[in-house]
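Read off the chains here:
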Amino acid sequence: MSDLHEAGEQPGDQPAAAAYDRILPVATPAQVRAYARRLTLAYPRQLGLALGLHGLAAMAGLAAPRLLGDLVEDVRHGTSHWTVDRIAIALAVFVIVQGVLLRFAVYASARLGEKVLARLREEFVDRVLELPLSTVERAGTGDLITRTSRDVDVLSRSVRHAVPETLIAIVTGVFAIGALVLVGPLTALPCLVGVPLLWGGTKWYLARARKGYLWENAAWGSVTAGLTETVEGARTIEALRLERRRVARTDADIAGAWAAERYTLGLRTVWFPMVEVGYVLPVVATLLMGGLLYTWGLASLAQVTAATLYVQQLIDPLDRLLSWIDELQVGGASLARLLGVSEARAERPRAVARPADERITVEDVRYAYREGHDVLHGVDLRLRPGERIAMVGPSGAGKSTLGRLIAGILRPRTGTLTVGGVPLADLPLEELRGEVALVTQEHHVFKGTVRDNLVMARQQATPAEVETALAAVQADWVAELPDGLDTQVGTGALTLSPAQAQQLALARLVLADPHTLVLDEATSLLDPRAARHLERTLSAVLDGRTVVAIAHRLHTAHDADRVAVVEGGRITELGGHDELIAEDGSYAALWRSWHGGERTAVRNQAR
Ligand code: ADP
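The following paragraphs examine the structure supplied in this document. Quantities reported herein were computed from a predicted structural model and do not represent experimental measurements.

The rules we used
- Residue positions within a chain follow its written sequence, with the count starting from 1.
- Local features are withheld for residues below a pLDDT of 70 in this predicted model, meaning they are given only at 70 or higher, and side-chain atom pairs are given and counted only at 80 or more; totals for whole chains, interfaces and linings count all residues.
- The side-chain numbers reported here are obtained from all heavy atoms of the structure, hydrogens and water having been left aside.
- Here an axis means a line fitted to C-alpha atoms, over the contact stretch when the element is a helix, while the angle between two N-to-C directions is reported on a 0 to 180 degree scale.
- A run of DSSP states H or I qualifies as a helix once it reaches four residues; a run of E qualifies as a strand once it reaches two. Both are numbered from the N-terminal end.
- By definition in this entry, angles of less than 35 degrees are roughly parallel, angles greater than 145 are roughly antiparallel, angles of 65 to 115 are roughly perpendicular, and the rest are oblique.
- We call two residues in contact whenever any of their non-hydrogen atoms come within 4.5 Å of each other.
- Residue polarity is assigned by list, with Asp, Glu, Lys and Arg as charged and Ala, Val, Leu, Ile, Met, Phe, Trp, Tyr, Cys and Pro as nonpolar; anything else, Gly included, falls into the polar class.
- Patch definition: residues with relative accessible area over 30% and no salt bridge; like charges joined within 9 Å; nonpolar side chains (Val, Leu, Ile, Met, Phe, Trp, Tyr) joined within 5 Å.
- Note on areas: these come from Shrake-Rupley sampling with a 1.4 Å probe, and a residue is covered only by the protein chains present in the view.
- Only one rule defines a salt bridge in this text: a Lys or Arg side-chain nitrogen within 4 Å of an Asp or Glu carboxyl oxygen.
- Categorising residues by exposure relies on relative accessible area from a 1.4 Å probe, with only protein chains included: less than 20% of the type maximum marks a residue as buried, more than 50% marks it as exposed, and the intermediate range marks it as partly exposed.
- The rule is short: rings of Phe, Tyr and Trp, with Trp giving its six-membered ring, pair when the centres are within 6.5 Å, and they are stacked under 30 degrees, edge-to-face over 60, tilted in between.
- For a lysine, the NZ atom is tested; for an arginine, the CZ atom; a charge sits over a ring if that atom is within 6 Å of the ring centre and within 35 degrees of the ring normal.

Attention shifts here to the packing of helix α4 (residues 63-77) against helix α5 (residues 81-129). For the pair α4 and α5, the least separation of the axes is 10 Å and the interaxial angle reads 170 degrees. One way to sum up the angle between α4 and α5 is to call them roughly antiparallel. Contact residues: α4 offers Ala63, Ala64, Leu67, Leu68, Leu71 and Asp74, while α5 offers Thr83, Val84, Ile87, Ala90, Leu91 and Phe94. Partitioned by chemical class, the residues of the contact of α4 with α5 number ten nonpolar, one polar and one charged.

On to a nonpolar patch on the surface. A cluster of nonpolar residues, Leu186, Leu189, Leu192, Val195, Trp199, Met289, Leu292, Trp296 and Leu298, forms a patch on the protein surface that exposes about 950 Å² of accessible area. Secondary structure elements with two or more residues in the nonpolar patch: α9 (194-232) and α11 (243-295). Positionally, leucine 292 belongs in helix α11. Overall, the relative accessible area of 38% leaves leucine 292 in the partly exposed class.

On to the packing of aromatic side chains, then. Evaluated as defined, the whole model comprises five aromatic pairs. Between the aromatic rings of tryptophan 215 and tyrosine 263, the centroid separation amounts to 5.7 Å while the plane-to-plane angle is 55 degrees, which identifies the pairing as tilted. Here tryptophan 215 is found in helix α9, whereas its partner tyrosine 263 is found in helix α11, with 48 residues between them in sequence. For tyrosine 263, a relative accessible area of 11% corresponds to the buried category. Linked through ring pairs, Tyr205, Trp271 and Phe272 together constitute an aromatic cluster. The aromatic ring of phenylalanine 104 is capped on one face by arginine 103, whose charged end is 4.7 Å from the ring centroid. A cation sits over an aromatic face here: arginine 103 above tyrosine 107, 5.6 Å from the ring centre.

Laid out in structure tokens, this is it:
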């Protein structure tokens, strides 16, 4: 945070600096341009229609200055009522035609905008869903939430308004300039005095705007991240009396966001006045020069009038263009952040080969959540297909980390972790799900039908397979639901009990049918009765699979084929229960203390 503060004090330097090395990547300007181009050209027919209609509307709008110029000339030489009326009628007709054309043009471009937007959102959702879990964990959810909410909103505004308005402004502007030159090149020249101001000012602004808006977005991301963390960890914060520190963090985040906003506001307060002057100068210059040209006999009154009106008409598209450039910058920054998500996705390269067998091998694996702080220091483990291995050890020793590595969620920093000879973390997600799965105590019920919640594990599962999976986990209650498998569950619909949610999760596992399972604290949250029931269900699911159980109660270890003792990020003992007891090492000590405790508990209960 302090880095952000310092950046806030010196808005000139690298605003979006290294304070955010933890957030998800951001796409480069070239990537953003290429993507915007691809998206713009994705619907060529609709784009052509919208541009054509806007062009026609702009052309209709160009008639007025010419007619008015002629009118001034005619009045100067004396004219009849009839001529004036005719010109007035012609003006009215052109205005109406322009209005009607504009209506259709706006409709066409709005439709195009919505189409592009829908596509953008769909692509973004795909990108997010492909993110490796480890990336999301490392980046923190705040950044991702900001990207899915604020950045998507900002971009929607850009696509809905900025993109069509910019296109319209370009079309109208080009036509106005063309008309101006046609009226007379001499009368067109004076308007060039505005160019240096507009050009210079905008260039200065654009050079700083992207950085500024990226900084702004990242600063808001930090605010969201901080608030989310505070809300999610409210109880912990209360328990540890961290309130004041959290308030300070929020204050610092808001100060950062304020500094970022102030910086971009500063940019606008310099740029806007320059642009305003840049608009007015050409009108004044055209009028002045036009007057001189007229007195020298180099231009007619009609030409000077029309030219001045055209220059006046140019202000509107120019203003739109420049003000939307601002919005486009903001949108571009958001797009860069949305596209950046797919950079992170690239972390999971496609494996070339398919696993030769079901053997999972861990060799000299090290892992660090933060650079330079390994939590696993060279772990070796060969899982034997079909065995049940229990991992025991003190809390913080690295059991869960090793479990998530074996489940393919984390990627080893060094060393290899393979299934059938293929690096586990390189497998495409759908294939990985068929090899190994992590079973935790978190069971989200997705909004949708019960069936949706099951087949997400394997889209091509047949109805019979779904039934078999439900039977395997003894979820008889599904049949008793009002609509059976088609009952809506999740937020706003039927709420399932934790035990039911757990059964759905297990049925999902049966459908995905991985040969290896990593169990992490699978039963600790349920009440004992539900836990016993679950254990029976679970043992049906585990049957015939290789199981790595992160054991929090030692009786699981007693029943396992092998026990791995994890201490300080290493496997220090490995072998059968009796073998390790005989060796009289850490495991034997653990077992004795646990067993003693258990006996005492039983004795206490008996009293
Ligand atoms: P265990 O499961 O044996 O209790 P873990 O694998 O959860 O141990 O943790 C091993 C070490 O890694 C601990 O020092 C823990 O603080 C750290 N750790 C675990 N998860 C994360 C994380 N998401 N980010 C940073 N450090 C972590």
